[in-house]
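# Chains, contacts and geometry: an overview
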Amino acid sequence: MLVLEVTWVYAKIHCQTNFSLTVEIMNIKERIFNLQQQIHFLEAKYYRAQGSVLLLAVSKSHSISAIEEAKQAGLTHFAENYWQEMQEKILALRHLPIIWHFIGALQSNKTEAIAQHVSWVHSIDRSKIAQLLSDFRPQNRPPLQVCLQVNLDEEKSKQGVPPSELQSLAQFVSSLPNLKLRGLMAIPKLENDSEAQYESFLRLKKLQQFLNEKLNLKLDTLSMGMSSDLAPAIQAGSTIVRVGRAIFGERK
Ligand SMILES: *Cc1c(COP(=O)(O)O)cnc(C)c1O
């Protein structure tokens with residue numbers, strides 16, 4: 001036991017030092033390798049199944065060639081949050097088998113294109129948008145995989161359905177024919193210590209469990225955790241971490 005403890009302390013120090021000191025000089029491929037190691041390490045530490053956490057690359061504001069580099073390093077899932085920018089990237093990279101996720105604010109007039117061109121949408125927060133996405137999803141494609149974005153802390157500056165309205169939205173979305181409701185997404189309010197971050201993520205996990213019991217659903221996805229709070233998100237049950245800066249560097 002003592003040996004294990006010592007190994008863990010060493011690994012933790014090594015991991016953190018490695019991450020903060022060398023992240024700036026690493027290239028995309030090295031950062032991805034490092035992150036995947038870190039995710040495997042966290043899965044083991046928190047008794048999560050190996051491979052149960054998907055690394056979703058958030059490529060907003062980064063170039064086509066940066067995405068190609070990340071694809072070559074082994075990533076398949078990419079996310080963007082502005083449709084205009086995303087559309088250009090999807091077109092330029094159509095020769096690659098990339099699975100695209102939309103994670104930004106949704107406007108009615110973009111729902112047709114989004115429903116046609118992406119596989120996942122993480123940011124549904126009202127029934128009208130969900131209905132449009134279902135209506136526009138082409139019949140010859142699998143259902144659009146969706147998450148409901150929850151405004152956990154009811155912050156005015158953030159998108160998302162307030163927790164009090166989540167159940168009725170989930171009930172509605174789960175009834176739509178061309179959407180497959182997979183789970184919940186959130187960006188909790190900024191906290192500096194990982195214990196408080198963990199508590200926030202745990203609230204999203206509990207909402208998922210509540211919906212599964214109350215509405216007899218089988219939601220299996222929690223889209224939570226970004227570059228700066230991966231560890232508490234994985235500890236609380238994240239299945240998709242959305243990572244931008246830790247892969248591509250700072251945004252311009
Ligand atoms: C930009 C963004 C991310 C990635 O944030 P990083 O701090 O760069 O990892 C994740 N989720 C959403 C919704 C984003 O807009």
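Residues numbered from 1 in each chain as written. Predicted model: local features only at pLDDT ≥ 70, side-chain atom pairs only at ≥ 80, totals over all residues. Heavy atoms only, no water.

Tallying each qualifying case throughout the model produces one aromatic pair. Ring centres of Phe 78 and Trp 100 lie 6.2 Å apart, and the angle between their planes is 50°; this geometry places the pair in the tilted category. Of the two residues, Phe 78 sits in strand 2 (residues 77-80) while Trp 100 sits in strand 3 (residues 99-102), which places them 22 residues apart along the sequence. On the accessibility criterion, Trp 100 (5% relative accessible area) is buried. (Phe/Tyr/Trp six-rings, centres within 6.5 Å; stacked < 30°, edge-to-face > 60°. Helix = DSSP H or I, 4+ residues; strand = E, 2+ residues; numbered from the N terminus. Buried < 20%, exposed > 50% of the residue type's maximum accessible area, 1.4 Å probe, protein only.)

This next bit is on the site of the ligand. Val 58, Lys 60, Asn 81, Ile 103, Ile 187, Met 226, Ser 227, Arg 242, Val 243, Gly 244, Arg 245 and Arg 251 make up every residue found near the ligand. Here an oxygen atom of the ligand and a side-chain polar atom of Lys 60 are 2.6 Å apart. Here Asn 81 contributes a side-chain N or O atom positioned 3.1 Å from an oxygen atom of the ligand. Its free accessible area being 390 Å², the ligand has 92% of it covered by the protein chains. Looking at the shell around the ligand residue by residue, the class counts come to five nonpolar, three polar and four charged. (Near = heavy atom within 4 Å. Polar contact = N/O pair within 3.5 Å; in protein donor to acceptor, adjacent residues only side chain to side chain. Areas by Shrake-Rupley, 256 points an atom, 1.4 Å probe, with all protein chains shown as cover. Nonpolar A, V, L, I, M, F, W, Y, C, P; charged D, E, K, R; others polar.)

Here we take up the nonpolar core. Residues Val 121, Ile 124 and Ile 247 are the most contacted members of the largest nonpolar core, which totals 67 residues. A per-element tally of this core places helix 8 (residues 194-214) first, with six residues. Look past the residues within four positions of Ile 247 in its chain and what remains in contact with it is Ile 28, Arg 31, Ile 32, Leu 35, Leu 55, Ala 57 and Leu 75. Grouped together as the second largest cluster of nonpolar side chains are eight residues, Leu 56, Ala 79, Met 185 and Ile 240 included. (Core = buried A, V, L, I, M, F, W, Y, C linked by side-chain atoms within 4.5 Å. Contact = heavy atoms within 4.5 Å.)

Residues other than glycine seldom take positive phi values, yet Glu 154 does so here, at roughly 50°. With respect to the helices and strands, Glu 154 occurs in the loop between strand 5 (144-149) and helix 7 (163-174). The exposure class of Glu 154 is exposed, given its relative accessible area of 51%. One non-glycine residue, Asn 216, lies in the positive phi region at around 55°.

Turning our attention to the packing of helix 6 (residues 127-136) against helix 7. Where helix 6 contacts helix 7, the axes come no closer than 10 Å and their chain directions differ by 10°. Of the possible angle classes, the one that applies to helix 6 and helix 7 is roughly parallel. Mapping the contact onto sequence places Ser 127, Ala 130 and Gln 131 in helix 6 and Leu 169, Phe 172 and Val 173 in helix 7. Of the residues that constitute the contact of helix 6 with helix 7, the class distribution is four nonpolar, two polar and no charged. (Axes fitted to C-alpha atoms, helices over the stretch in contact; angles between N-to-C directions. Parallel < 35°, antiparallel > 145°, perpendicular 65-115°, else oblique.)

So, on to helix 3 (residues 64-72). If you check which residues of helix 3 are buried, you get Ala 66, Ile 67, Ala 70 and Lys 71. Considered in projection along helix 3, the buried side chains sweep an arc of 140° and stay on one side of the axis. Elements in contact with the buried residues of helix 3: helix 2 (28-45), strand 2, helix 4 (83-92), strand 3 and helix 10 (245-248). One or two steps after helix 3, the chain reaches Gly 74, where phi turns positive at roughly 115°. (Arc of directions from axis to C-beta.)

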